[in-house]
Amino acid sequence: ILRALGYTSERIAALFLVRAALLGLVGAAGGYFLGSALAVHFGPEIFRVTAKSIRELPSLLLWAAIAAPVFAALASFLPTVVAVTQDPAQTLREG
């Protein structure tokens, strides 16, 4: 539909890939904070031998903030290619 409205294929691809990367970034942050909270709260009870070493690791947030958007954009690459190569007239006829 965006191509029928005059958007270029490059702009549509950028829109999809940036959206995927932003969702990856939100997921990374949410996963880090939820996972850290659960580990700090329940970890000492579950892992009694290593309970003293369970703590938040801020360096993991950096790694997650880098890796998750990259993997999310890579995962959405093929669907993006399919979306930008479809004929807008055929898409509107089918929809």
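Given the structure is predicted, the values throughout are model-derived calculations rather than measurements.

Criteria and cut-off values
Residues numbered from 1 in each chain as written. Predicted model: local features only at pLDDT ≥ 70, side-chain atom pairs only at ≥ 80, totals over all residues. Heavy atoms only, no water. Helix = DSSP H or I, 4+ residues; strand = E, 2+ residues; numbered from the N terminus. Rg over C-alpha atoms; globule rule 2.2 N^0.38 Å. Buried < 20%, exposed > 50% of the residue type's maximum accessible area, 1.4 Å probe, protein only. Contact = heavy atoms within 4.5 Å. Axes fitted to C-alpha atoms, helices over the stretch in contact; angles between N-to-C directions. Parallel < 35°, antiparallel > 145°, perpendicular 65-115°, else oblique. Left-handed = near helix turned anticlockwise from the far one by under 90°. Nonpolar A, V, L, I, M, F, W, Y, C, P; charged D, E, K, R; others polar. Patch = residues over 30% accessible without salt bridge, like charges linked within 9 Å, V, L, I, M, F, W, Y side chains within 5 Å. Areas by Shrake-Rupley, 256 points an atom, 1.4 Å probe, with all protein chains shown as cover. Salt bridge = Lys/Arg side-chain N within 4 Å of Asp/Glu carboxyl O. Phe/Tyr/Trp six-rings, centres within 6.5 Å; stacked < 30°, edge-to-face > 60°.

Student: What's the story with the overall build of the protein chain in this structure? I'm lost.
Tutor: What the protein chain contains, in helices and strands, is four helices and zero strands. Starting at the N terminus and ending at the C terminus, the protein chain contains elements arranged as α-α-α-α. A globule of 95 residues ought to have a C-alpha radius of gyration of about 12 Å, yet the protein chain, at 20 Å, is considerably larger. Within the protein chain, the fraction of its 95 residues that count as buried is 15%. Taking contacts inside the protein chain between residues at least 6 apart in sequence as the whole, the part at least 24 apart equals 73%.

Student: So what exactly am I meant to see when it comes to the packing of helix H1 (residues 9–46) against helix H3 (residues 77–85) here?
Tutor: When two helices pack together, their arrangement is given by the angle between the helix axes and the distance between those axes. H3 packs onto H1 with a crossing angle of 150 degrees between their chain directions and a minimal axis gap of 9 Å. It follows from the interaxial angle that H1 and H3 lie roughly antiparallel. Seen along the crossing, H1 lies across H3 with a hand that is right-handed. Where H1 abuts H3, its residues Ser-9, Ile-12, Ala-13, Phe-16 and Leu-17 lie against Phe-77, Thr-80, Ala-83 and Val-84. Looking at side-chain class alone, the contact of H1 with H3 contains seven nonpolar, two polar and no charged residues.

Student: Explain the packing of H1 against helix H2 (residues 58–75) to me, please; I cannot follow it from the model alone.
Tutor: Interaxial distance between H1 and H2 falls to 7 Å at its minimum, and their mutual angle equals 150 degrees. Regarding the angle of H1 to H2, the classification is roughly antiparallel. Viewed along their axes, H1 and H2 form a crossing whose handedness is right-handed. The segment H1 lies against H2, with Leu-17, Ala-20, Ala-21, Gly-24, Leu-25, Ala-28, Ala-29, Tyr-32 and Phe-33 engaging Pro-58, Leu-60, Leu-61, Ala-64, Ala-65, Ala-68, Pro-69, Ala-72 and Ala-73. In terms of residue class, the contact of H1 with H2 is built from 17 nonpolar, one polar and no charged.

Student: I would appreciate a short explanation of a nonpolar patch on the surface in the present structure.
Tutor: On the surface, a cluster of nonpolar side chains totalling about 520 Å² of accessible area is made up of Leu-34, Leu-38, Phe-42, Ile-46 and Phe-47. Here Phe-42 lies in helix H1.

Student: Where do I start with the packing of aromatic side chains in this structure?
Tutor: Centre distance and the angle of the planes are the two values used to describe a pair of aromatic rings. Within this structure, the stated rule accounts for one aromatic pair. The interplanar angle of 75 degrees and the centroid separation of 5.1 Å between the aromatic rings of Tyr-32 and Phe-33 together place this pair among those described as edge-to-face. The exposure class of Tyr-32 is buried, given its relative accessible area of 9%.

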